[in-house]
Amino acid sequence: MKNFLKLLKKISQKRLFWIILIIATTVPTFSTLIRPGFFPMHDDLQAFRIYEMDKCFSDFQIPCRWVPDAGYQYGYPQFNYYPPLPYYIGELLHLTGFQYIDVVKILFALGFILSALAMYLLVGDLLGNFPGFVSAMLYTYVPYKAVDVYVRGAMSEFWALVFYPLIFWAVYKLIKTLKPKYIALLALSLGGLLTTHLLMSMIFALPAIVWAVYWLIKERKFKKISKVVVGVLLGVGVAAFFILPVIFERRYAHTETLTMG
């Protein structure tokens, strides 16, 4: 145990410089959010959703499904169909004392930082610290992210980009080491993606399968595919409180509007 802690400390110290550097070089992407006031974007209901999530918590409606003020104040099953994870995190931030608009800004800033760190973990383990840093910067400054935040205001889609590299990293580490802790990491990462953006999860499914099969073949551990399957099933289980109502109650919502026009 002592040797493990020493090794962990050594790895952490080695990576601490790169983590601090990544956070510092990510700051310009959200520095304008530090200014007072809100900023215009297409989906300008982000603060409203956090406000409604706060009402759910006040009413002890957890998990939150029905919000009282949407639907022309008749109420609306917002979080029965709309992925809730970023808004749960936003509510926790609000409970610590941040007001709703500031919570929205913090969530966007955290999305930039966490996605950069996730990409660094993935590429850093594969190619080394410097390539990991470069990959984190490319992943951070890709123009689409700026569009997601400053034009579209697509909170859920933006946060889904945090989980892509985390899932890749969890699959890689699980196949490489076969350690149970990476089954848990895969489950939490996949559960996070499923409760952040279902459509992005569907888009990501094929690349994730190809990635897993590649490493299973490369490491000659195809017989250990059951560990990956267990991680995936646990991830679906983590997100079951959200995805099962979406599947079994979809006839009560106009889901056809997602694929038309």
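Before any of the text, the structure's been laid out above.
Residues numbered from 1 in each chain as written. Predicted model: local features only at pLDDT ≥ 70, side-chain atom pairs only at ≥ 80, totals over all residues. Heavy atoms only, no water.

A. Representation of the side chain of Arg 49. Tracing the chain through its elements places Arg 49 in helix 2 (residues 46-58). Take Arg 49: its relative accessible area is 8%, and that puts it in the buried class. Only 3.1 Å separates the side chain of Arg 49 from the side chain of Asp 43, close enough to count as a polar contact. Ignoring anything within four residues of it in the chain, the contact list for Arg 49 reads Asp 43, Gln 78, Phe 79, Tyr 82 and Tyr 87. (Helix = DSSP H or I, 4+ residues; strand = E, 2+ residues; numbered from the N terminus. Buried < 20%, exposed > 50% of the residue type's maximum accessible area, 1.4 Å probe, protein only. Polar contact = N/O pair within 3.5 Å; in protein donor to acceptor, adjacent residues only side chain to side chain. Contact = heavy atoms within 4.5 Å.)

B. Examining a nonpolar patch on the surface more closely. Nonpolar side chains collect at one region of the surface, where Ile 209, Val 213, Ile 217, Phe 222, Ile 225, Val 229 and Leu 233 lie side by side and expose about 620 Å² of accessible area between them. Of all the elements in the fold, those that place two or more residues in the nonpolar patch are helix 10 (198-218) and helix 11 (225-238). Val 213 gets classed as partly exposed once you look at its relative accessible area, which sits at 32%. (Patch = residues over 30% accessible without salt bridge, like charges linked within 9 Å, V, L, I, M, F, W, Y side chains within 5 Å. Areas by Shrake-Rupley, 256 points an atom, 1.4 Å probe, with all protein chains shown as cover. Salt bridge = Lys/Arg side-chain N within 4 Å of Asp/Glu carboxyl O.)

C. Fine view of the packing of aromatic side chains. One pass over the full model with this rule turns up 19 aromatic pairs. Relative to Tyr 150, the ring of Phe 39 has its centre 5.9 Å away and its plane inclined at 55 degrees; by these criteria the two rings are tilted. Taken together, the residues span a long stretch of sequence, with Phe 39 in the loop between helix 1 (2-26) and helix 2 and Tyr 150 in helix 7 (residues 143-152) at a distance of 111 residues. Exposure remark for Tyr 150: the relative accessible area of 26% places this residue in the partly exposed category. Connected via pairs of aromatic rings, a cluster forms that spans Tyr 164, Phe 168, Tyr 172, Phe 204, Trp 211, Tyr 214 and Trp 215. It is Lys 145 that lies over the ring of Tyr 139; its NZ or CZ is 4.1 Å from the centre. (Phe/Tyr/Trp six-rings, centres within 6.5 Å; stacked < 30°, edge-to-face > 60°. Lys NZ or Arg CZ within 6 Å of the ring centre and 35° of its normal.)

D. Representation of the pattern of salt bridges. Inspection of every chain in the model, using the stated rule, returns seven salt bridges. For Glu 219, the salt bridge goes to Lys 176, with nearest N and O atoms at 3.0 Å. With a gap of 43 residues between them, Glu 219 in the loop between helix 10 and helix 11 and Lys 176 in helix 8 (residues 155-177) connect regions that are remote in the sequence. Judged by relative accessible area, Glu 219 falls into the partly exposed class, the value being 22%. A residue is classified by how much of its surface remains accessible, and Lys 176, at 37% relative accessible area, is partly exposed.

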